[in-house]
Amino acid sequence: MEEKAVKKGIGWGGKTLKEMLEKKERLYNQTGSYYGLKQLPLAAADPLKLELFGTRLLSAIIAGREATRMISASPQIREIAELAVALYTPEGDCILQSTGIIIHIPLIGQVIEWMIQANYEEEGINDGDCFTCNDCAIAGMHTADVYDIQPIFWEGQLIGWVGTVIMEAEVGALLPGCMPPGATDRFVDGLKFIAEKSGAKDKFFKSFERKIRYGVRTPDVFLLNRKGSLAADIAVRQQMRKIIGEFGIDYYMAAIRELIELERRTQLERVKRRTVPGRFHSPSTFEIDMQRTGAPPHHAVNRITLVPWDFHIKPDGSYFIDFDGTGSWGWHGCNCSPSALLGAVCMALTQTISYTGKSNTGTFLSVTMNAPFDTFVNPGTRNVASTNLFAWPLNGGPKFMAQQSHAFFCRGYVEEVRCANTSVSGGAPGGLTGKDHYGRDYSFLSTEPAGALGGGAFAIRDGVISEGIWQPDTDMGNVEIWELMLPTLWLGRRLLPDSCGHGKYRSGYSLISTFMIYKTPVLAIQSGASSQTDKIYPNMGMFGGYSGPSSFMKLLVNTNSKHLIEGRKPLAHGIDRPGVSDLEQNIRGKLTVETKNLPWFEDITKDGDMLQCFYGGTGGGFGDPIKRDPALAKKDLDNGLLTIERCRSIYCIEARYDAKNEEWVIDNNKTNELREQRRKERLKKGIPADQWWQKRRQNIVEGRMPPLIRKMYNESLSKGKRWPGEFRDFWGLPQDFIFKEG
């Protein structure tokens, strides 16, 4: 009865949006082609015109993104560019996207589709309306990422949507910050916008602004970000109308569908040409330490969860990711969701095989997944917290890229091969709260780490610096801008020597930042949520390359820094390795070192205390380190990035420092001796594979492993269908085998 109330739809050709969505899905299911397109007449008739059309759309999107950066009040947006803009069809399919936090691109489309299915058309969708959403029960990565979506009309018909995502540093959660570790259900993880109509006639409603004004701790920043987001949407919408005026509406509607179908076919062809079909296995583990987070007692449980996922490349060029055997979800904010998994696929593919800038829904149509319900990757309730659905994308996503690299390598495309990198443990403050340096109530976080992580090595060269897997095109931002928002003074930013994944080609080095807490009487600091790995370290190296170092934070309270400053004595600037830490050598105080995710530091900081953050990226090295070209090692020695101790112990390269010429000189004869000696040591340590298997099997049969690990395996053995059988078969165990607990 309700559907009959809509006499004429607002969609193209007078159809309702729901009719358009149903038609699109029906045609795809019937034909396997986007919108049933077997032929691409525009591409066939004039490919250059279609290319020009696509470029014009992309230029408009990128211009809209840059407009937002100039309006936003947050250094996260101005400096780090934690945003993205994309253009969508009337049905919510991505046509083209900007750079930035691209993990959200398909998820904004899911929100649009949800609005269509929820009959928003009946409630009224008009030109100039704005819809805001950050509810991950619909789609999203975490509450802090806010989507602002506007319809695009042409002569009264809705012909598309534009969406902008901005990450907020404060979302009004139970605990300050945008990713509160103690939030275990959705009702306390931040202010929710459930795809609500937030504005009309290109202005936000006063009621919406009041909700923000009274709902978050930094309302001015939040509101200016919304206005920046709306400006991007309006700019893109205006450009679309100009483009339609130039190309014609009929061409526009046909071309946007051809662009998606063309990309779908191109993606399949790229995969067929550059990879070898097969199955790639790569387990991930997630450690959730909830006992120091402020979570309620029944949720304050430490756990480790196994996600033993398989990546399949099929002969037709499509991908299939199987999460069979994934362990249980829990009451914390670090589970995943099918929506977040799709975002991870977008993040990984857009940076690798779909590299042309034309990635869209057609790219993702070639990927299917099995995400079993009631597991870590698909929780059995929508009421669980969603503060960090990034857990698998930041840990498994990079591994997905590495597995794809194995397929490139098999095909001979070594230039495309790169190791993964992620961020683990507590290397960055996930939340700062208390009073700021202006005396105001305060809550914020720094996203400086996005530009501080060393990238994975390539098969033909060393990795790069400043590469956050979730934000690949950023840097750390200007200190002077950050200092306007954070009650901290930067005393130093430096590449930490030896902080790479070693190998024939090493990863990029990661950075360490040193801060003095500034003009605040009270500031509490929480360790950031990242990929939740500390005890079981992720191996991001390939072909014998090592994984990079983990991250850490050091907090020094009750310091003598003010006396040191008055006396013009040395402070700390970031040179920090075992035995040579200027923080510990130069400044007195109570030191706490944190390597875990999520917990709060027990000590409250104040003006003059010190904080040091090493943003270890774990970027993997490629190949055996003792095959590294000594000339590359000399370059790192000369630049102060590699210590001679690590040079000898890892690369087996001997060198001496020539003080006169201020450079290192490689001793080739001694290097050859060291490497030959290392090879003999390896052979001596090696044991036959069957002996290793027997030894490890005995450990499993007798349950010789920590209780959390036994529990982790039992959850996966009870949840999975295929994986438990393969696990038991490999280790020669009875088909009903489980570990004894307690």
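Criteria and thresholds
Residues numbered from 1 in each chain as written. Predicted model: local features only at pLDDT ≥ 70, side-chain atom pairs only at ≥ 80, totals over all residues. Heavy atoms only, no water. Helix = DSSP H or I, 4+ residues; strand = E, 2+ residues; numbered from the N terminus. Rg over C-alpha atoms; globule rule 2.2 N^0.38 Å. Buried < 20%, exposed > 50% of the residue type's maximum accessible area, 1.4 Å probe, protein only. Contact = heavy atoms within 4.5 Å. Areas by Shrake-Rupley, 256 points an atom, 1.4 Å probe, with all protein chains shown as cover. Core = buried A, V, L, I, M, F, W, Y, C linked by side-chain atoms within 4.5 Å. Pairing = 2+ DSSP bridges. Axes fitted to C-alpha atoms, helices over the stretch in contact; angles between N-to-C directions. 1 Å grid on protein atoms, 1.4 Å probe; cavity = no way out; pocket = protein on both sides within 12 Å on 5 of 7 lines; lining within 4 Å. Points joined across faces, edges and corners; volume = space filled by probe spheres on them. Nonpolar A, V, L, I, M, F, W, Y, C, P; charged D, E, K, R; others polar. Salt bridge = Lys/Arg side-chain N within 4 Å of Asp/Glu carboxyl O. Parallel < 35°, antiparallel > 145°, perpendicular 65-115°, else oblique. Expected span 1.5 Å × (residues − 1). Polar contact = N/O pair within 3.5 Å; in protein donor to acceptor, adjacent residues only side chain to side chain.

A count of helical and extended segments in the protein chain gives 21 helices and 23 strands. Its C-alpha atoms give the protein chain a radius of gyration of 27 Å, within 12% of the compact-globule value 27 Å for 742 residues. With the C-alpha coordinates of the protein chain rotated into their principal frame, the extents come out at 80 × 65 × 60 Å. Out of the 742 residues in the protein chain, the part that is buried amounts to 61%. Long-range pairs, those at least 24 residues apart, make up 75% of the contacts in the protein chain with a sequence separation of at least 6. A total accessible area of about 29,300 Å² is found for the protein chain, and carbon and sulfur atoms account for 54% of it.

A few words on the nonpolar core. Ranked by internal contacts, the top residues of the largest apolar core, which has 153 residues, are Phe53, Leu57, Trp161 and Tyr252. Filtering out sequence-adjacent residues up to four positions away, Tyr252 remains in contact with Phe53, Leu57, Leu87, Ile159, Met240 and Ile244. With 14 residues, the next largest nonpolar core counts Cys500, Ala633, Ile644 and Tyr651 among its residues.

What follows is about the sheet that holds strand β4 (residues 145–154). The strand order β2-β1-β5-β4-β3-β6-β7 describes an open sheet built from 7 strands, whose pairing is antiparallel. With one partner strand each, in any of the chains shown, β2 (94–97) and β7 (203–204) form the two edges of the open sheet. Judged from the 3 bridges that link them, strand β3 (residues 130–133) and β4 form a sheet pairing that is antiparallel. Paired with Phe131 across the strands is Ile149, a residue of β4. Packed onto the sheet, helix α8 (residues 219–247) meets β1 (83–88), β3, β4, β5 (157–167) and β7 and runs at close to 30° relative to β4.

Reading across from one edge, β8-β9-β10-β11 is the order of the 4 strands in this open sheet, with mixed pairing throughout. With one partner strand each, in any of the chains shown, β8 (278–288) and β11 (367–370) form the two edges of the open sheet. Each neighbouring strand pair of the sheet contributes to a mean axis angle of 20°, computed without reference to strand direction. Bridging between strand β10 (residues 319–322) and β11 involves 4 bridges; their strand directions are parallel.

For the rest of this paragraph, the subject is the environment of Ala86. Locating Ala86 in the fold gives a position in strand β1. The exposure class assigned to Ala86 is buried, which follows from its relative accessible area of 0%.

This brings us to the layout of surface pockets. Once rolled over the atoms, a probe with the size of a water molecule shows which space is left empty. Volume-wise, the largest pocket comes out at about 890 Å³. Lining of the largest pocket is provided by 35 residues; of these, Ser282, Pro283, Ser284, Leu306 and Tyr713 occupy positions nearest its centre. Secondary structure elements with two or more residues in the lining of the largest pocket: β8, β9 (303–313), α12 (391–411), α19 (689–701), α20 (707–719) and α21 (723–730). By residue number, the principal contributor to the lining of the largest pocket is β8, which donates 6 residues. Along the lines of polarity and charge, the residues of the lining of the largest pocket split into 19 nonpolar, 11 polar and 5 charged. Lining the second largest pocket are 17 residues; nearest its centre among them are Asp93, Glu113, Leu342, Thr361 and Leu365.

The next point concerns the pairing of strand β15 (residues 511–517). Taking burial as the measure, the 7 residues of β15 include 7 buried ones, the bulk of the element. Of the two faces of β15, the one lined by Leu511, Ser513, Phe515 and Ile517 and the one lined by Ile512, Thr514 and Met516 are each fully buried. Pairing between strand β14 (residues 488–495) and β15: 7 bridges, direction antiparallel. Note that in β15 the partner of Thr488 across the bridge is Ile517. In this structure, β15 lies alongside strand β21 (residues 610–614), joined through 5 bridges in antiparallel fashion. Of the residues in β21, the one forming a bridge with Ser513 is Cys613.

Right, let's talk about α21 for a bit. Helical periodicity: at 3.6 residues per turn, an α-helix aligns residues three or four positions apart in one direction. Every buried residue belonging to α21 is among Trp723, Pro724, Gly725, Phe727 and Arg728, and all of these are buried. Check the buried side of α21 and you find it contacts β8, β9 and α20. Residue Gly732 follows α21 closely and has a positive phi angle near 65°.

Next up on the list: unusual backbone geometry. One non-glycine residue, Asp374, lies in positive phi territory at about 70°. Locating Asp374 in the fold gives a position in the loop between β11 and α12. Of note, Cys652 is a non-glycine position whose phi angle comes to about 55°, a positive value. Turning to its location among the elements, Cys652 is positioned in the loop between α17 (644–651) and β22 (654–658).

All right, on to the pattern of salt bridges then. Taken as a whole and judged by the stated rule, the model has 46 salt bridges. With its nearest N and O atoms 2.6 Å apart, the salt bridge here joins Glu170 to Arg217. Pair noted here: Glu170 is in the loop between β5 and β6 (196–200) and Arg217 is in the loop between α7 (206–215) and α8, with a separation of 47 residues, a long-range link. Judged by relative accessible area, which is 1%, Glu170 ranks as buried. A salt bridge links Asp636 to Arg628; the shortest N-O distance between them is 3.4 Å. Of the two residues, Asp636 and Arg628, neither departs from the other in class, the shared state being buried.

Moving on: the packing of helix α3 (residues 47–71) against helix α9 (residues 249–274). Relative orientation and spacing of two packed helices are given, respectively, by the angle between their axes and the distance between those axes. Where α3 contacts α9, the two axes come as close as 11 Å, and the packing angle between them is 90°. With respect to their mutual orientation, α3 and α9 come out roughly perpendicular. Side by side, α3 and α9 meet where Lys49, Leu50, Phe53, Gly54 and Leu57 of the first sit next to Tyr251, Tyr252, Ala255, Ile256, Glu258, Leu259 and Leu262 of the second. Along the lines of polarity and charge, the residues of the contact of α3 with α9 split into 9 nonpolar, 1 polar and 2 charged.

As a further point, take helix α1 (residues 17–31). Taking 1.5 Å of rise per residue, the 15 residues of α1 would be expected to cover 21 Å, and the 21 Å separating its terminal C-alpha atoms lies within 8% of that figure. The complete set of buried residues in α1 reads Leu17, Lys18, Met20, Leu21, Lys24 and Leu27.

What follows concerns the side chain of Asp129. As for its placement among the helices and strands, Asp129 is situated in the loop between α6 (120–123) and β3. Taking the relative accessible area as the measure of exposure, Asp129 reaches 2% and is therefore buried. In this structure the side chain of Asp129 is engaged in a polar contact, spanning 2.6 Å, whose partner is the backbone nitrogen of Asn126. Ignoring sequence-local partners within four residues, the contact set of Asp129 consists of Gly124, Ile149, Gln150, Pro151, Lys197, Gly199, Ala200 and Lys201.

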